[in-house]
Amino acid sequence: MAKGNNADRFMRTTGKLRAIFGPASRTSLQHEMTEENRQLLAQRQAETQQWETIRRADGSTYVVPRNPNDKSLR
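All residue numbers refer to positions counted from 1 along the written sequence of the respective chain. Only residues with pLDDT of at least 70 are given local features in this predicted model, and only at 80 or more are side-chain atom pairs given and counted; all residues enter the totals for whole chains, interfaces and linings. The side-chain figures draw on all heavy atoms in the structure; neither hydrogens nor water molecules are used.

(A) Structural detail: the pattern of salt bridges. The term salt bridge refers to a side-chain nitrogen of Lys or Arg lying within 4 Å of a carboxyl oxygen of Asp or Glu. According to the stated counting rule, one finds 2 salt bridges in the structure shown. In this structure, Arg44 and Glu47 form a salt bridge, with 3.4 Å as the shortest nitrogen-oxygen distance. With Arg44 and Glu47 both in helix α3 (residues 35-48) and 3 residues apart, the pair spans about one turn of that helix. Relative accessibility decides the category of a residue: with a 1.4 Å probe and only protein chains considered, values under 20% of the type maximum give buried, values over 50% give exposed, and everything between is partly exposed. Residue classification places Arg44 among the partly exposed residues on the basis of a relative accessible area of 42%. Look at Glu47 and you get partly exposed, because its relative accessible area is 22%. Strands are runs of DSSP state E lasting at least two residues, helices are runs of H or I lasting at least four, and both sets are numbered from the N terminus onward.

Okay, here's the thing in structure tokens:
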């Protein structure tokens, strides 16, 4: 069996499923993050800070705004 990282081995073993459901990206997962991606990541992390996860007694969860008056990221 050819050596490779886990993602490569997974992609090879699921080849038949890809034939049915369509191809997946085979780009490398080990590359440097671009400046654009860093900015996008920082923006997404800031967006998640405005929400709070509430857990009900039955185990289900939902999100509510931490500060309902803050409309900066919505």
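There's plenty left to go through after this.
(B) Spotlight on a nonpolar patch on the surface. Each patch is built from residues lacking any salt bridge and having more than 30% relative accessible area; the joining distance is 9 Å for like charges and 5 Å for nonpolar side chains (Val, Leu, Ile, Met, Phe, Trp, Tyr). Here, Shrake-Rupley sampling with a 1.4 Å probe gives the accessible areas, and only protein chains in the shown set may cover a residue. A surface patch of nonpolar side chains, about 390 Å² in accessible area, is lined by Leu17, Ile20 and Phe21. Topologically, Ile20 is positioned in helix α2 (residues 15-21). Since its relative accessible area comes to 65%, Ile20 is described here as exposed.

(C) The pairing of strand β2 (residues 61-65), seen in detail. Sheet analysis places strand β1 (residues 51-55) next to β2, joined by 5 bridges and oriented antiparallel. Within β2, the residue paired with Thr53 across the bridge is Val63. At least two bridges found by DSSP between two strands are what make those strands a pair. Hairpin remark: β1 followed by β2, antiparallel, with 5 residues in the connecting loop; positive phi at Gly59, about 95 degrees.

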